[in-house]
Amino acid sequence: MRRLAPLLVLAAIFSACDRSPRIDPNRTTIAVVPKGTTHEFWKSIHAGAVKAARELDVDIVWKGPLKEDDREAQISVVENMVRLGVKGIVLAPLDETALQAPVAAAVRAKVPVVIIDSGLKGKAHSSFIATDNYKGGRMAGEYLAKLLKGRGRVVMLRYEEGSASTTAREKGFLAAMRRFPRIKVVSANQYGGATTETAYRASENLLAPLKKDGKLDVDGIFACNESTTFGMLRALQDGGFAGKVRFVGFDSSIKLVAALRNGGIDGLILQNPFQMGYLGVKTMVAKLKKKPIKARIDTGETLVTKANMDDPKVKAVLSPDLSEWIR
């Protein structure tokens, strides 16, 4: 029965997300706080956290804001978890600055914090587990430049101000573009926002002035996360431009995988969110047991194209089966 405890806690949180969970003082309970709970990316992190919790016989509380731009909601979750008496917090911070004070307060209250996915300013947290996002963005830029044979007009759709992970990707992409003097970045200042709907509207606005005589006056596009990639994909599909312009995105979902297979997307840069969730919980348990832990753990990045998407190793990251860990 004890091995089922993490799942029981998770089920309680999901079925009653507005109520505070019950924390068993006789067990180790770790809060895992994502940026949001709707994107496929966070479901993979959730599944990885459950796997680690089962292996280590600890409980996890999975709770985060519904929208990825609700900083106050995420701050409230962190503060509430400290009050509830969790032993540690694994956090994907929405904002590298806004979450700095709540994390420092948690650590002062003897609740250690491990950061995953996106960076946080300050030195209060114990470890940072994530993709090398700058490298991932640079990888996207280099691949797009290769597709364009080093020349053409390119646009980039950003995600959200304050998000350290996507900001690093954007910087990496632009750094790659500077290596190709015959590539012109014609737009790099538009933000897609926290949802696929806001990203879709931003994509429509970005592309509108680039439409001329039924054609799109741009050769390549980069979008820096799951929601911006899907929002841009929808805008291209609606305009009849999908597959007619080179397009590289970031992260994965069922619809993005389908677009990669049918040519609507040329490449996706993948993280390993399952591994982030898994290592986040494992690292926290090691911290609580006073074992040595690494200050920085790189979970890697992979370029996926139509040519390699069915490779078993790539497929395991592109389309993971999470059914064993979460419903």
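Look above for the structure.
Calculation notes
Residues numbered from 1 in each chain as written. Predicted model: local features only at pLDDT ≥ 70, side-chain atom pairs only at ≥ 80, totals over all residues. Heavy atoms only, no water. Helix = DSSP H or I, 4+ residues; strand = E, 2+ residues; numbered from the N terminus. Buried < 20%, exposed > 50% of the residue type's maximum accessible area, 1.4 Å probe, protein only. Pairing = 2+ DSSP bridges. Axes fitted to C-alpha atoms, helices over the stretch in contact; angles between N-to-C directions. Expected span 1.5 Å × (residues − 1). Parallel < 35°, antiparallel > 145°, perpendicular 65-115°, else oblique. Left-handed = near helix turned anticlockwise from the far one by under 90°. Contact = heavy atoms within 4.5 Å. Nonpolar A, V, L, I, M, F, W, Y, C, P; charged D, E, K, R; others polar. Core = buried A, V, L, I, M, F, W, Y, C linked by side-chain atoms within 4.5 Å.

Student: Sorry, what's going on with unusual backbone geometry here?
Tutor: Generally, phi is negative for residues other than glycine and the peptide bonds are trans, each holding for most cases. Phi at Asp117 takes a positive value of approximately 70 degrees, unusual for a residue other than glycine. Residue placement: Asp117 occurs in the loop between β4 (113-116) and β5 (127-130). Classification of Asp117 by relative accessible area gives buried; the value is 2%. With a phi angle near 80 degrees, Asp251 is a residue other than glycine that sits in the positive phi range. With respect to the element layout, Asp251 can be found in the loop between β11 (246-250) and α9 (254-262). What makes Asp251 buried here is its relative accessible area of 6%.

Student: For this particular structure, what's the right way to read the sheet that holds β5?
Tutor: An order of β2-β1-β3-β4-β5-β13 is seen for the six strands of this open sheet, with the pairing classed as parallel. The sheet is open, and its two borders are formed by β2 (59-62) and β13 (296-298), each paired with just one other strand. The sheet shows a mean angle of 20 degrees between the axes of neighbouring strands, taken without regard to direction. The sheet contact formed by β4 and β5 spans three bridges and is parallel. Within the sheet, the bridge partner assigned to Val114 lies in β5 and is Ser127.

Student: Is there a simple way to think about helix α10 (residues 273-288) in this case?
Tutor: Since the α-helix advances by 3.6 residues per turn, residues separated by three or four positions end up pointing in the same direction. Between its first and last C-alpha atoms α10 spans 23 Å; for 16 residues at 1.5 Å apiece the expected length is 22 Å, and the two agree. Taken as a whole, α10 has its buried residues at Pro273, Phe274, Met276, Gly277, Tyr278, Leu279, Gly280, Val281, Thr283, Met284, Val285 and Ala286. Of the residues one or two after α10, Lys290 is the one with positive phi, at around 60 degrees.

Student: What is the right way to look at the packing of helix α2 (residues 40-56) against α10 in this model?
Tutor: To describe two helices that pack against each other, one gives the angle between their axes and the distance between the axes. Two elements in contact, α2 and α10, have axes separated by 6 Å at closest approach and are oriented at 40 degrees. Considering their axes alone, α2 and α10 lie oblique with respect to each other. Here the hand of the crossing between α2 and α10 comes out right-handed. Residue-level contacts link Phe41, Ser44, Ile45, Ala47, Gly48, Ala49, Lys51, Ala52, Ala53, Glu55 and Leu56 of α2 to Pro273, Phe274, Met276, Gly277, Tyr278, Val281, Lys282 and Val285 of α10. Taken together, the residues that form the contact of α2 with α10 break down as 13 nonpolar, three polar and three charged.

Student: Got a minute to help me understand the nonpolar core in this structure?
Tutor: Considering soluble globular proteins, one finds that nonpolar side chains tend to be buried as a cluster. Within the largest apolar cluster, 30 residues are counted, with the highest numbers of intra-cluster contacts made by Leu207, Leu216, Ile221, Leu236, Phe247 and Ile265. Of all the secondary structure elements, the ones that give two or more residues to this core are β6 (152-158), α7 (196-207), β10 (220-223), α8 (226-239), α9, β12 (267-270) and α11 (312-318). If one sorts the elements of this core by residue count, α8 sits on top with five residues. Excluding residues within four positions of it along the chain, Ile221 makes contact with Leu144, Val155, Leu207, Met232, Leu236, Val245, Arg246, Phe247 and Val248. By size, the runner-up hydrophobic cluster in this structure holds 29 residues, among which are Ala47, Val50, Met284 and Trp325.

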